[in-house]
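So the chains spell out like this:
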Amino acid sequence: AGNRAGGGPLLTNYALTLLVVLFLQSRSPPVLPSVRRLRLLAGPRDRAQVGGWDCSFPQDAAELEPSGNTQSAASLLAEFFSYFGSLDLGGLLLSPLEGRALPRPPPETLGGLRPGPLTLQDPFELSHNVAANVTPRTVSRFVRCCRDAARLCRGPEFLQKSRRGRPWGVMRLLRPGPAANAGNPGGKFLIPVPLPAPGAAPQLQVCAAVGFVLTEVLGCGCQPQGTPGTPGRPPPGAEGHPEKVTGDSRGEFGT
C-alpha cells in the first residue's frame, strides 16, 4: 500500500483500512457492524445526505450494541491474512456496506461502479471502487503476501517467544522477504541513509549515532556508499569501527 507520487498501482491507505474494516465485519460474531446496520440504528438527528448518498450512522457510540466477539488481537491478525489469502478477489464485490464479500454482479447492475482486479466498494459513495487503480500484479502480490503471512502465523514462534533468539510474534511478519531483496544479489536488505557532505563534527556524530542504532539495536549491516555487497570493507580513507560489530550479517561503519 502507499503510492508515493499520488496515483499508482498500489492500494491506498483508505483502501487498506476498508479491507481491515470488512474483515472485522465478516467475523462470526462480527467485531464491527456493517454500514447498513449502522443506518438502521441511526436516529432522526443522525440522518445525513452527502452528495445524494445516505451517510447516516449513530453519532453516539453508546447507542451501538457491544460486539460479542472475544478473539484476541493476535488471532484476528492471523485470520486477516488467512481470509484474504483464500478469497477469489477477481470474482467478488467487497462491500463494507453489507459487511461481507459478495459474488460480483454483472457490470450493468453495479450502478456505475467500475469493477477491477480488486473491487472494493466505498461504504457510502456506492458508485466508487476504492481500489480501481489497483493492477492484477498488485492483487497477486497482496494475496501472495497474505498467504506467506498466514503461514508464519501458524508457526509456534508467532504466539510464543522464540527460545533460540529468533524474531517472534509480529516481528516475524516485518522481516524483509524475497521481494524486498529483488535486484540485490547479495541477499541483503539495504537502506540508504543520505547525509550532508562530510567534514563537520556534527555530521560525524550523526553518522556514529545512526551506525550505532542500525548495527547494535537493529542488527543491520552498515557500509559506506560506493561499496555495495562488501561488508567490512570501507572505501580508502574511511575509518571503520569493527570492534563493536560481530558476525557475517554486520559490516563495518565508516565515516
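Quick caveat, the model's predicted, so the values are computed rather than measured. Numbering of residues starts from 1 in every chain and runs along the sequence as written. Local features in this predicted model are restricted to residues whose pLDDT is 70 or higher, and side-chain atom pairs enter the listing and the counts only when it is 80 or higher, whereas totals over whole chains, interfaces and linings include all residues. Only hydrogens and water are set aside when side-chain values are computed; all heavy atoms of the structure are taken into account.

Tell me about the overall build of the chain, residues and numbers included.
Looking only at helices and strands, the chain features seven helices and four strands. In sequence order, the chain lays out its α and β elements as α-α-β-β-α-β-β-α-α-α-α. Relative accessible area decides the class of each residue, using a 1.4 Å probe on protein chains only: under 20% of the type maximum gives buried, over 50% gives exposed, and in between gives partly exposed. Looking at the chain as a whole, 31% of its 255 residues qualify as buried. The contact criterion used throughout is that any non-hydrogen atoms of two residues lie within 4.5 Å. The contacts of the chain with a sequence gap of at least 6 include a subset with a gap of at least 24, amounting to 48%. When the accessible surface of the chain is totalled, it reaches about 15,800 Å², and 58% of it is carbon and sulfur. Helix and strand definitions here come from DSSP, where helices need a minimum of 4 consecutive H or I residues and strands a minimum of 2 consecutive E residues; each element is numbered from the N-terminal end. Each accessible area is a Shrake-Rupley result for a 1.4 Å probe, and residues are judged covered by the shown protein chains and nothing else.

Lay out unusual backbone geometry with the relevant residues and their values.
Residue proline 29 is bonded to the preceding serine 28 through a cis peptide linkage, with omega at -5 degrees. Position of proline 29 relative to the elements: it lies in the loop between helix 1 (13–25) and helix 2 (35–41).

Give me the packing of aromatic side chains: which residues, what numbers.
In this analysis, rings of Phe, Tyr and Trp, with Trp reduced to its six-membered ring, are considered paired at centre separations within 6.5 Å, and the interplanar angle assigns stacked below 30 degrees, edge-to-face beyond 60, and tilted for intermediate values. With the rule as written, the count across this model stands at seven aromatic pairs. The interplanar angle of 55 degrees and the centroid separation of 5.9 Å between the aromatic rings of phenylalanine 23 and tyrosine 83 together place this pair among those described as tilted. Remark: tyrosine 83 occurs in helix 3 (residues 73–86) and phenylalanine 23 occurs in helix 1; sequence separation between them is 60 residues. Neither residue differs from the other here; phenylalanine 23 and tyrosine 83 are each classed as buried. Among the aromatic residues, those joined into a cluster by ring pairs are Phe23, Phe80, Phe81, Tyr83, Phe84 and Phe142.

Describe helix 1, and please don't skip the residues or the numbers.
Residue count minus one, scaled by 1.5 Å, sets the expected span of a helix. The terminal C-alpha atoms of helix 1, which comprises 13 residues, lie 18 Å apart, in line with the 18 Å expected from a rise of 1.5 Å per residue. Listing the buried residues of helix 1 in full gives Ala15, Leu18, Leu19, Leu22, Phe23, Leu24 and Gln25.

Lay out the UniProt feature "signal peptide" (unreviewed entry) in the chain in plain terms, naming residues and giving numbers.
As annotated in UniProt, the feature "signal peptide" (unreviewed entry) corresponds to residues 1–33 in the numbering used here. With 39% helix and 0% strand, the stretch residues 1–33 has end C-alpha atoms that lie 25 Å from each other. UniProt positions are given in the numbering used here, feature names are shortened, and annotations may be inferred rather than shown by experiment.

Describe a nonpolar patch on the surface, naming the residues involved and giving the relevant values.
Together, Phe212, Val213, Val217 and Leu218 give the surface a local cluster of nonpolar side chains, amounting to about 390 Å² of exposed area. Of note, phenylalanine 212 is situated in helix 7 (residues 201–217). Grouping into patches uses exposed residues only, defined as over 30% relative accessible area, and leaves out salt-bridged ones; the cut-off is 9 Å for like charges and 5 Å for nonpolar side chains (Val, Leu, Ile, Met, Phe, Trp, Tyr). Salt bridges are identified by distance alone: a Lys or Arg side-chain nitrogen within 4 Å of an Asp or Glu carboxyl oxygen.

Explain the pattern of salt bridges to me, and be specific about the residues and the numbers.
Overall, the coordinates contain eight salt bridges when judged by the stated rule. Across the pair arginine 39 and aspartate 54 runs a salt bridge whose closest N-O atoms are separated by 3.9 Å. Residue arginine 39 is located in helix 2, and its partner aspartate 54 is located in strand 2 (residues 53–54); the two are separated by 15 residues in the primary sequence. The structure contains a network of salt bridges with shared partners spanning Arg45, Asp46 and Glu63.

Describe the nonpolar core, listing the residues and the values that go with them.
To define a nonpolar core, start from buried Ala, Val, Leu, Ile, Met, Phe, Trp, Tyr and Cys residues and group those joined through side-chain atoms within 4.5 Å. Among the nonpolar cores identified, the biggest contains 29 residues, and Leu11, Phe84, Leu89, Leu94 and Leu120 are the most heavily contacted of them. Elements that contribute at least two residues to this core include exactly helix 1, helix 3, strand 3 (92–95) and helix 4 (136–153). With seven residues, helix 4 is the largest single contributor of residues to this core. When residues no more than four places from it in sequence are discounted, the contact partners of leucine 11 are Ala1, Gly2, Asn3, Leu16, Leu19, Leu118, Ala131, Val134, Thr138 and Phe142.

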